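# Structural characterization, general
As a plain string of letters, each chain reads:
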Amino acid sequence: MIVVEVIMVNDQVRDHYDVVVFGGGAAGLNGALMLARARRSVAVIDSGAPRNAPAEGVHGLLGREGMPPAELLERGRAEVRGYGGHVVSGEATGVVRTGEGFTVALADGGSVRARRLLVASGIVDELPDVPGLRARWGRDVLHCPYCHGWEVRDHAIGVLASGPMSVHQALLIRQWSADVTFFTHTMPPPSDEEAEQFAARGIRVVDGAVASLEIAADRLVGVRLDDGTAVARQALAVAPRMVARAGFLDGLGLRPVEHPSGMGEHIPADAAGRTEAPGVWAAGNVTDLTAQVGAAAAAGAAAGAQINADLVAEDTRRAVAAARAPYSAASEARNSEQLAGDSRHGL
């Protein structure tokens, strides 16, 4: 919820910015950092619910390996504020195009105007309806082996079939452990080719729906099937359906569409982060469903630079138009110079 709460000491939330950034994760904060360093007025609107909050540490990020996600974001917010950027706690409820910019509606009834927008609001993980699954998410129920594989290396790992990428996920997980079991759950059994691959890699296949997880001493110890069978496991990998957090963009005609991979819904954007809506960029998981923290941060930085370049082009067009206007200050100065000629004072 947006309660426009100023985080920076002596900061005052303005009613107009060059850029409003939706989302205070790696993509949003790095985009805001680039813009603030480019001397743009920028505000980050953050709901305070990062996707990786349950994880103990961020992995695969050079120089920050294992850092708790909350600490990484705290540092990022401080860096953005250090260059004059604003970070506000809250949530946007809608956006409309007004004149040459946008008006962002806030959940507390207020609004903020902006010339450009950067959408870095992330995604929601939709998990299979298995009792106990959500409570273990980000702990011993995992989705990304590059994020968590090292921490469960050589463990007894299960893979819960939940979508089109589950077979690929099981083959990946095999890199971290020789003890991998694939639970078909409610999905079709592996194809003949997939079954051959599993057999060759020593991945066991267990048919039947998963009814619940077995927990002991706050640790996953097994998976129980509908027929009562219990299979000992120490970690469980699940490929969630990932859906962009973008309902507030409906007023711009920007709506999540199915990702080509079948893994969920995203906001399409080009390599520079530009969406189909003029003046709106996207970065991070909201457009790239599989981006890790480092990739999301890089995309945010790239989008921030592109937004600044777009604003520079607009500022230049306006300056040229103003200079060409018949009664502009620049035109008057030129006319005076021509009329005065050599009679100017001092000549």
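Residues numbered from 1 in each chain as written. Predicted model: local features only at pLDDT ≥ 70, side-chain atom pairs only at ≥ 80, totals over all residues. Heavy atoms only, no water.

Turning our attention to the overall build of the protein. When you go through the protein residue by residue, the secondary structure sums to 7 helices and 20 strands. Computed over C-alpha atoms, the radius of gyration of the protein comes to 26 Å, more than 25% over the 20 Å expected from 2.2 N^0.38 for 347 residues, which places it beyond the range of a compact globule. Taken along its principal axes, the extent of the C-alpha atoms in the protein is 100 × 45 × 40 Å. Split into buried and exposed, the 347 residues of the protein put 46% on the buried side. For the protein, restricting intrachain contacts to residue pairs at least 6 apart in sequence, the fraction spanning at least 24 positions comes to 59%. With an accessible surface of roughly 17,200 Å², the protein has 52% of that area assigned to carbon and sulfur atoms. Computed over 32 positive and 41 negative side-chain charges, the inter-centroid distance for the protein is 6 Å. (Helix = DSSP H or I, 4+ residues; strand = E, 2+ residues; numbered from the N terminus. Rg over C-alpha atoms; globule rule 2.2 N^0.38 Å. Buried < 20%, exposed > 50% of the residue type's maximum accessible area, 1.4 Å probe, protein only. Contact = heavy atoms within 4.5 Å. Areas by Shrake-Rupley, 256 points an atom, 1.4 Å probe, with all protein chains shown as cover. Lys, Arg positive; Asp, Glu negative; His and termini not counted. Charge placed at Lys NZ, Arg CZ, Asp CG, Glu CD.)

Every buried residue of helix α4 (residues 166-173) is listed here: S166, V167, Q169, A170 and I173. Projection of α4 onto a plane perpendicular to its axis shows the buried side chains occupying an angular sector of 160°, all on one side. (Arc of directions from axis to C-beta.)

Turning our attention to the packing of helix α1 (residues 26-37) against helix α6 (residues 293-324). Between α1 and α6, whose axes approach to 7 Å, the crossing angle comes to 35°. Viewed along their axes, α1 and α6 form a crossing whose handedness is right-handed. Judged by residue contacts, A26, A27, N30, G31, M34 and L35 of α1 engage V293, A296, A297, A298, G300, A301, G304, A305, I307 and N308 from α6. Looking at the contact of α1 with α6, its residues break down into 11 nonpolar, 5 polar and no charged. (Axes fitted to C-alpha atoms, helices over the stretch in contact; angles between N-to-C directions. Left-handed = near helix turned anticlockwise from the far one by under 90°. Nonpolar A, V, L, I, M, F, W, Y, C, P; charged D, E, K, R; others polar.)

Reported here for the second largest pocket is a volume of approximately 500 Å³. Considering the residues around the second largest pocket, the lining is formed by 20 residues, among which E56, R139, D140, V152 and R219 are closest to the centre. A per-element tally of the lining of the second largest pocket places strand β14 (residues 219-225) first, with 3 residues. Residue composition of the lining of the second largest pocket, grouped by class: 7 nonpolar, 6 polar and 7 charged. (1 Å grid on protein atoms, 1.4 Å probe; cavity = no way out; pocket = protein on both sides within 12 Å on 5 of 7 lines; lining within 4 Å. Points joined across faces, edges and corners; volume = space filled by probe spheres on them.)

Before going further, it helps to spend a moment on the side chain of H266. Inspection of the secondary structure puts H266 in strand β19 (residues 264-266). At 2.9 Å, the side chain of H266 forms a polar contact with the backbone oxygen of T287. With near-sequence residues (within four places) excluded, H266 lies in contact with A244, R255, P256, V257, E258, H259, P260, V286, T287 and L289. (Polar contact = N/O pair within 3.5 Å; in protein donor to acceptor, adjacent residues only side chain to side chain.)

To continue, consider the confidence of the model for the protein. Per-residue pLDDT for the protein averages 91, and the proportion of residues at 70 or more is 90%. Taken as a whole, residues 1-11 scores under 50 in pLDDT and shows 31 contacts with residues more than four places along the chain or in a different chain. (pLDDT = per-residue confidence, 0-100.)

A few words on the packing of aromatic side chains. This structure, assessed with the given rule, holds 3 aromatic pairs. Each ring, one from F22 and one from F248, has its centre 4.7 Å from the other, and the planes form 45°; the classification is tilted. Placement of F22 in strand β2 (residues 16-22) and of F248 in the loop between β17 (241-244) and β18 (257-258) is noted, with a sequence separation of 226 residues between them. Judged by its relative accessible area of 3%, F22 is buried. Ring centres 5.6 Å apart and planes at 85° place the aromatic pair Y146 and W176 in the edge-to-face group. With Y146 in helix α3 (residues 145-148) and W176 in the loop between α4 and β11 (180-183), the pair connects residues that are 30 residues apart, well separated along the chain. Residue classification places W176 among the buried positions, given a relative accessible area of 18%. One residue, R153, lies across the ring of W150, its end atom 4.0 Å from the ring centre. (Phe/Tyr/Trp six-rings, centres within 6.5 Å; stacked < 30°, edge-to-face > 60°. Lys NZ or Arg CZ within 6 Å of the ring centre and 35° of its normal.)

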